[in-house]
Amino acid sequence: MTEQKTLVLTGASRGIGHATVKRFEIEGWRVLTCSRYPFDPRCPWPNGEASHIQIDLADPKMTIAAIETIKGKINGKLHALVNNAGISPKGPGGARLSTLDTDLRTWGHVFHVNFFSCVVLARGLMNELAAAKGSIVNVTSIAGSRVHPFAGAAYATSKAALAALTREMAHDFGPLGVRVNAIAPGEVETAILSPGTDKIVDQLPLRRLGQPREVADAIWFLCSDQSSYISGAEIEVNGAQHV
């Protein structure tokens, strides 16, 4: 009998995370979903409530405690960890928060969710990932490589740091047989989009927003055997926005 593979996914409740759950379910994986929200009983996932971990990644103690909860739900093996959770605070009226007007508490909040939680979870689940010769995928952003009109400074720099962390982790986890990669989505049709995005879309070579399922397909590829010699890469999923 073929072994059922297991994925741990943060930021699972909507957008790219929700599409990723669907993609891996189709492939027969068991998905442990992590979200700051409780499990929604309307979700049709088999054993979805038992496979859900409510966690606020902004709280380091809660993140560390969740590692033991996750270990209790898997049988010593973890085939993939996808660090998808991310927050992008806005100013009054949805204004972009720049380096001039982002307070220190907001910087810390963003970095705990978008950056520190990723390395804490990966390191905490290192043995389980190694046992499965698994894969880690960090979800960065188009905003991590150049200034974005809507994404704030704390969000952008946290995603740039996550891209650098991906390289460091690929170097460090490689000897364990664990691959580490990142995907950098561009303008994807999710709830995090800001008003005015339509003006950006008009300038995109593909002339459309990306869909969450298209990002989920890229995540799936990096967790599958089809990418078995890819590690330390960051794949842009942005419709040629940067060409």
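To start, this report covers the structure provided alongside it. Position numbers for residues start from 1 in each chain and track the written sequence from start to end. Given that the model is predicted, a residue must reach a pLDDT of at least 70 before its local features are reported, and side-chain atom pairs must reach 80 or more before they are shown or counted; all residues, however, enter totals for whole chains, interfaces and linings. The basis for every side-chain value is the complete set of heavy atoms in the structure, and neither hydrogens nor water enter the calculation.

Quick look at empty space enclosed by the protein
We apply this condition: Detection works on a 1 Å grid of protein atoms alone, calling trapped sets that fit a 1.4 Å probe cavities and calling open sets with protein on both sides within 12 Å along at least five of seven lines pockets, with lining residues defined by an atom within 4 Å of a point. Grid points are joined across faces, edges and corners, and a volume is the space filled by probe spheres set on the points. Here a strand is any run of E in DSSP of at least two residues, a helix any run of H or I of at least four, and the numbering for each starts at the N terminus. Any residue outside Ala, Val, Leu, Ile, Met, Phe, Trp, Tyr, Cys, Pro, Asp, Glu, Lys and Arg is labelled polar, Gly included; the first ten of those are nonpolar and the last four are charged.
The tally for this structure, following the rule as stated, stands at one cavity of 30 Å³ or more. Looking at the largest cavity, its volume works out to about 30 Å³. Along the walls of the largest cavity sit Pro-89, Leu-97, Thr-102, Thr-106, Val-110, Gly-152, Ala-153, Ala-154 and Tyr-155, which together make up its complete lining. Put simply, the parts of the chain that give the lining of the largest cavity at least two residues each are α3 (104–124) and α5 (153–173). By residue number, the principal contributor to the lining of the largest cavity is α5, which donates three residues. Taken together, the residues that form the lining of the largest cavity break down as six nonpolar, three polar and no charged.

Observations regarding the environment of Val-201
This is how it is decided: We call a residue buried when its accessible area falls under 20% of the maximum for its residue type, exposed when it is over 50%, and partly exposed in between, using a 1.4 Å probe and counting protein chains only. In this analysis, two residues are considered to be in contact whenever any of their non-hydrogen atoms come within 4.5 Å of each other.
Its location among the elements puts Val-201 in helix α6 (residues 197–201). For Val-201, a relative accessible area of 13% gives the class buried. Residues Val-201 and Tyr-37 lie 164 residues apart in sequence; the distance between their C-alpha atoms is 31 Å. With residues up to four places along the chain from it excluded, the contact list for Val-201 reads Arg-207, Arg-208 and Leu-209.

Examining the side chain of Ser-135
Formally: N or O atoms within 3.5 Å of each other form a polar contact, as long as, within protein, one can give a hydrogen and the other can take it, and as long as residues adjacent in sequence are counted only when both atoms are side-chain atoms.
The topology assignment puts Ser-135 in strand β5 (residues 135–139). Overall, the relative accessible area of 1% leaves Ser-135 in the buried class. A distance of 2.8 Å separates a polar side-chain atom of Ser-135 from the backbone oxygen of Leu-222. Not counting chain neighbours up to four residues away, the residues in contact with Ser-135 comprise His-79, Ala-80, Leu-81, Leu-129, Val-178, Arg-179, Leu-222 and Cys-223.

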